[in-house]
Amino acid sequence: MARYLREKKTIRPLALNLAAPEGHGRQSGHRLKPASSSMNHPLLRRLVCGFALCALVVTAARSADPKVVPVRVSKHAWYVQGQAGPANRANQGYNSNAGFVVTGEGVVVIDALGTIPLGRAFLAAIRAITDKPIRRVIVTHYHADHFYGLAPFKQAGAEIWAHKGAREYLESGEGAARLDQRRRDLAPWVDDQTTLIPPDRWLEGDASFALGGLNFDLVYMGPAHAPDDLVVIVREDQVLYSGDILFSGRIPFVGNADTRRWLATMEKLIALGPKTMVPGHGAVSRDPVAELALTRDYLRHLRATMGKAVEDLLSFEEAYKNADWSRYARMPAFEAANRINAYGTYLLMERESLEKK
Ligand SMILES: [Zn+2]
């Protein structure tokens, strides 16, 4: 641009052109006419078009809700699968799964995804399959990627159910801190319109209900991955929505979860013997036991390596460096989650070793 102007000394900078002719201020009531001559210049026209095009693309990107495609897993049950790895701008926060079950008297939804645009797209995808009313949303656990999309379902008249263990997350400030972080990292999809919507019904523990000819069992599995872990079983279809008790095809997010309880929960899940399992992240599993094995083995490996390090009085850095991660290193979310998981487990093993004393 500068080189071009140096050669063609004839053109004046754009801003000046829109100024009032010499000596005419706004107070004189003269209407300001844009200097049409410079707009005819081909370079300027191309620049203006370029800017307009960029603005158009950005607005379109913002306004276009992400694509959410339901997959049928049984006669009445469906799920939608988020992308592997952590939520980020590239996937517009679509990294988790959700599901819905169509009964004769309405739809039961399991989780609502991680942003309002995702919740809206999910609701639209359900509407494309059935016009039955959305009766209930069961939140498997109050983690950002599973409930930030609740607002469209609430507006559609759905009742929200969750386990009382979520109260702490919503009322302790942890939820608010996470929302701030997501508003920073997932803007514009998570913005000031996104709020922490509490459930209409807090569950004390396990619960069951019948709707439209189907029976639903809600089994409390927490505190494992989260304080409020709930799994949802559609009895007639032998389908189990596991929430984040199970991550298939990627490294689970452990953080400071109680892995001892989580492992015990795994055994309970296997005992339920579901035919089909929809995990919180990753593909549906027609062989849940094999899928469970991956998450179970990873949790065991974390506890074994960090537990040994604590026994040997090694620092976390030494423990992490010495540990063999080869089996998991190439899995999705390893880079993002493994170090946090190991550190959370190291602190947990320290606490457990103090308990033993
Ligand atoms: Zn989670």
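Residues numbered from 1 in each chain as written. Predicted model: local features only at pLDDT ≥ 70, side-chain atom pairs only at ≥ 80, totals over all residues. Heavy atoms only, no water.

A. The coordination of the zinc ion, seen in detail. Around the zinc ion, the protein supplies His141 (NE2), His143 (ND1), His225 (NE2) and Asp244 (OD) as donor atoms, at distances of 2.1 to 2.3 Å. Between the donor residues of the zinc ion, the gaps in sequence give the motif H-x1-H-x81-H-x18-D. Of the two residues, His143 is situated in the loop between β5 (134-138) and α6 (144-147) and Asp244 in strand β11 (residues 239-247); the sequence distance between them amounts to 101 residues. The pair His143 / Asp244 is uniform in exposure class, with both members buried. (Donors = N, O, S within 2.8 Å, 3.2 Å for Na, K, Ca; no water. Helix = DSSP H or I, 4+ residues; strand = E, 2+ residues; numbered from the N terminus. Buried < 20%, exposed > 50% of the residue type's maximum accessible area, 1.4 Å probe, protein only.)

B. Structural context of the pairing of strand β3 (residues 98-103). Most of β3 sits out of view: six of its six residues are buried. Both faces of β3 are covered, namely the face carrying Ala98, Phe100 and Val102 and the face carrying Gly99, Val101 and Thr103. Bridge count between strand β2 (residues 77-80) and β3: four bridges; the pairing is antiparallel. Bridged to Tyr79 within β3 is Gly99. Of the strand pairs in this sheet, β3 and strand β4 (residues 106-110) are connected by five bridges, and their pairing is antiparallel. Looking across to β4, one finds that Gly99 is bridged to Ile110. (Pairing = 2+ DSSP bridges.)

C. Inspection of the pattern of salt bridges at higher detail. By the definition in use, this model includes 13 salt bridges. Linking Arg260 and Glu355 is a salt bridge whose minimum nitrogen-to-oxygen distance equals 3.3 Å. Here the residue Arg260 occupies a position in helix α10 (residues 259-272), and Glu355 occupies one in helix α13 (residues 334-356), the gap between them amounting to 95 residues. Close ionic contact of Glu317 with Arg339 constitutes a salt bridge, the shortest N to O distance being 2.7 Å. Remark: Arg339 occurs in helix α13 and Glu317 occurs in helix α12 (residues 316-322); sequence separation between them is 22 residues. (Salt bridge = Lys/Arg side-chain N within 4 Å of Asp/Glu carboxyl O.)

Purely geometric stuff here, so don't read any function into it on its own.
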